[in-house]
Amino acid sequence: MSTLTKILIVLLSLFSIFLCGTIVTYVGTAKNYKQAYEQAQTEIVSLRQTSTSYKTQLEEKQRQMQELSDKLDAEMSKLKSEKTKLEQDVKNAERDKAVLDEKVQNLASAALKFEGTVSGMEGSLKETRGELDKARADAIKLSKNLNEITSSLEEKMVQIDTLTTEKKRLLEEKAKLENQLSGKAPTAETTEPITTQSDKATPAAGLTPGTILKGKVTAIEGKLVTLSIGTADGVEKDMIFHVTRNDTFVCDIRITEVDSEASAGTLQLVQQSPQVGDVASTTW
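For the structure given in this document, a descriptive report is provided here. Predicted model only: the values in this text are computed from it and were never measured.

## Details of the nonpolar core
Alright, step 1. Within the largest apolar cluster, 15 residues are counted, with the highest numbers of intra-cluster contacts made by Leu227, Val235, Phe241, Val243, Ile253 and Ile255.
Alright, step 2. Breaking this core down by element, the ones donating at least two residues are strand 2 (224-227), strand 3 (240-245) and strand 4 (248-258).
Alright, step 3. Top contributing element to this core by residue count: strand 4, with four residues.

## Quick word on unusual backbone geometry
Alright, step 1. Located in the positive-phi region is Asn246, a residue other than glycine, with phi close to 55°.
Alright, step 2. Of note in the backbone geometry, Asp247 takes a positive phi value of approximately 65° without being a glycine.
Alright, step 3. Considering the arrangement of structural elements, one finds Asp247 in the loop between strand 3 and strand 4.

## With respect to the sheet that holds strand 5 (residues 263-268)
Alright, step 1. Ordered by their spatial adjacency, six strands build a closed barrel running 1-2-5-4-3-6, and the pairing between neighbours is antiparallel. Averaged over all pairs of adjacent strands, the angle between strand axes in this sheet comes to 45°, irrespective of strand direction.
Alright, step 2. Two strands pair when backbone bridges link them, and strand 1 (residues 214-221) and strand 2 are joined in this way by four bridges, in the antiparallel orientation. Paired with Ala219 across the two strands is Thr226, which belongs to strand 2.

## Considerations on a nonpolar patch on the surface
Alright, step 1. Residues Leu4, Ile7, Leu8, Val10, Leu11, Leu14 and Ile17 make up a contiguous nonpolar surface patch of roughly 700 Å² in combined accessible area.
Alright, step 2. Position of Val10 among the secondary structure elements: in helix 1 (residues 3-181).
Alright, step 3. Residue Val10 is classed as partly exposed on the basis of its relative accessible area, which comes to 47%.

## Examining the pattern of salt bridges
Alright, step 1. In the structure shown here, the tally under the stated rule is seven salt bridges.
Alright, step 2. For Arg63, the salt bridge is made with Glu67, and the minimal N-O distance between the two is 2.6 Å. In this pair, Arg63 and Glu67 are both assigned in helix 1, four residues apart and thus about one turn of the helix distant.
Alright, step 3. The class for Glu67 is partly exposed, based on a relative accessible area of 45%.
Alright, step 4. A salt bridge links Arg245 to Asp278; the nearest nitrogen and oxygen atoms lie 2.9 Å apart. Remark: Asp278 occurs in the loop between strand 5 and strand 6 (279-281) and Arg245 occurs in strand 3; sequence separation between them is 33 residues. As far as the burial class goes, Arg245 and Asp278 line up, both buried.
Alright, step 5. The structure contains a network of salt bridges with shared partners spanning Glu60, Arg63 and Glu67.

Rules and cut-offs
- Residues numbered from 1 in each chain as written.
- Predicted model: local features only at pLDDT ≥ 70, side-chain atom pairs only at ≥ 80, totals over all residues.
- Heavy atoms only, no water.
- Core = buried A, V, L, I, M, F, W, Y, C linked by side-chain atoms within 4.5 Å.
- Buried < 20%, exposed > 50% of the residue type's maximum accessible area, 1.4 Å probe, protein only.
- Helix = DSSP H or I, 4+ residues; strand = E, 2+ residues; numbered from the N terminus.
- Pairing = 2+ DSSP bridges.
- Axes fitted to C-alpha atoms, helices over the stretch in contact; angles between N-to-C directions.
- Patch = residues over 30% accessible without salt bridge, like charges linked within 9 Å, V, L, I, M, F, W, Y side chains within 5 Å.
- Areas by Shrake-Rupley, 256 points an atom, 1.4 Å probe, with all protein chains shown as cover.
- Salt bridge = Lys/Arg side-chain N within 4 Å of Asp/Glu carboxyl O.

Right, dumping it as structure tokens:
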């Protein structure tokens, strides 16, 4: 047998072995390919169903998006309308603000003028108050002087009445003596006094005119002031006491309550607040 034949036989044997292996391999894997194909078909069906579901969901989402878009468009239109209205309101507000600013400036100017006028009026008021206080103090002084003059005048009137009565009595005695010297008998007419003793010749009970009462403030309760003198010193209800401090007029006190050793009254013509220790007198 030749070498070529041997080689061909060997090659044929190897080809047969390879072909048998290929056939065995094909037969062994043929079932796997079928199973893979069926599995692929199942997956394709599942994917198609999933795709259909996704498509349905996508359509639903698109519908919802369209509704939302329409709703947003309506809201945008509404907001634009409101924006336009607000812009108009802002313009009106700015115009009103300008008018108000002008009014504020006018009011500020008027307020400055009024403040100047008030300052001038306050100055005038202070001056007027000063003049009024001075006039009131002068009036009080004049009133006190008038009271003193009136009291002195009343005392003089009493003295004059007393002197007049005494003069009339002396004239009566003179007429009686002249009648006696001339030898005439006294008649009823000559013996009768020309006038009787006048009641004015005798001072009224209590203080004599011109008597000055003087005490001190001992207590202050609101508008009620207590003095250190009472009925034992000659104080009577409705008397007026003038309160002074270092020769400066403080106020008047009208007596409303009287005790033997003290008295109390209400404040009048108050220039300053009274203090304990201030002098209270019926004259000033």
